[in-house]
Amino acid sequence: GDSFYPDGVKSKVDPQWQAKWRDVYSEEVRSVPWYSVYGNHDYHHDECACGGSWTCAQVNQDTNDRTFFYMPSPNFFVSHFDLNLEVIGLDTNKYMSPEGPTCCGYTSCKTQCEANLNARAKEGMDLFWQRVRESPAKTMVVFSHYPTDYF
């Protein structure tokens, strides 16, 4: 998370994708999928704060498209059967402070953003526990912007 400081990207054509991602990391370094999740700063100007995951500037469902991170939705899992591994990415931005997702104050839709981040945190926890119950993988890697000690 916090992939684009200080205020995230606005869209897939935001020039920060070039300046802060493609120009920094060579094609060779980006030749494998880079898993990512949203951080609080990423939400400041991203329509994802106000809308559904289809509006998210950082969401990329195509593992072959290495011009963006791989983040199929704000919460996701990827199974690597050949490695006996499962990777889970969680949106835990709701937990950024005792007052809740204060990053929403930087958006144009504070109330909707708070509702979205609360819903995404619940979806993430539900996904986590579902994968704990159902995953056949021996090893599970869980990552998020805020610590997973909230479990």
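These numbers come from a predicted model, not from an experiment.

Thresholds, definitions, all that
- Residues numbered from 1 in each chain as written.
- Predicted model: local features only at pLDDT ≥ 70, side-chain atom pairs only at ≥ 80, totals over all residues.
- Heavy atoms only, no water.
- Buried < 20%, exposed > 50% of the residue type's maximum accessible area, 1.4 Å probe, protein only.
- Helix = DSSP H or I, 4+ residues; strand = E, 2+ residues; numbered from the N terminus.
- Pairing = 2+ DSSP bridges.
- Phe/Tyr/Trp six-rings, centres within 6.5 Å; stacked < 30°, edge-to-face > 60°.
- Lys NZ or Arg CZ within 6 Å of the ring centre and 35° of its normal.
- Salt bridge = Lys/Arg side-chain N within 4 Å of Asp/Glu carboxyl O.
- Core = buried A, V, L, I, M, F, W, Y, C linked by side-chain atoms within 4.5 Å.
- Contact = heavy atoms within 4.5 Å.

So, on to the pairing of strand β2 (residues 85-90). Most of β2 is tucked away, with six of its six residues classed as buried. Here β2 shows two buried faces, one formed by L85, V87 and G89 and the other by E86, I88 and L90. As paired elements, strand β1 (residues 76-80) and β2 share five bridges and run antiparallel to each other. Bridged to V78 within β2 is V87. Taking the residues between adjacent antiparallel strands as the criterion, β1 and β2 are bridged by four residues, where N84 takes a positive phi near 55 degrees. In the sheet, β2 pairs with strand β3 (residues 139-144) via six bridges, with the strands oriented parallel. Residue V87 lies in a different strand from β3, and its bridge partner there is V141.

Quick look at the packing of aromatic side chains now. For the structure on display, the rule yields 14 aromatic pairs. Aromatic side chains W21 and W34 sit 4.8 Å apart centroid to centroid with 80 degrees between the ring planes, which places their arrangement in the edge-to-face category. Pair noted here: W21 is in helix α1 (residues 16-22) and W34 is in the loop between α1 and β1, with a separation of 13 residues, a long-range link. Seen from their ring centres, W21 and F69 are 4.6 Å apart, and the 70 degrees between their planes marks the pair as edge-to-face. Placement of the pair is W21 in helix α1 and F69 in the loop between α1 and β1, with a sequence separation of 48 residues. Residue classification places F69 among the buried positions, given a relative accessible area of 6%. Site record: aromatic cluster; members linked through ring pairs are F4, W17, W21, Y25, W34, F68 and F69. Sitting above the plane of the F68 ring, R22 keeps its charged end 5.0 Å from the centroid. Seen from the ring of F77, R131 lies directly overhead, with NZ or CZ sitting 4.0 Å from the centre.

Attention now goes to the pattern of salt bridges. Here the structure, examined in full by the defined rule, presents four salt bridges. With a shortest N-O distance of 2.7 Å, E86 and R131 are connected by a salt bridge. Separated by 45 residues along the polypeptide, E86 in strand β2 and R131 in helix α2 (residues 110-134) bring together distant segments of the chain. A relative accessible area of 8% places R131 in the buried class.

Here we take up the nonpolar core. The biggest cluster of nonpolar side chains holds 16 residues, and the ones touching the most others in it are Y38, Y43, C113 and L117. Those residues in contact with L117 that sit more than four places away from it in its chain are Y43, D91, N93, K94, P101, C103 and C104. Ranked by size, the runner-up nonpolar core spans seven residues in total, among them V9, W17, A57 and F69.

Coordinates in, geometry out; function isn't part of it.
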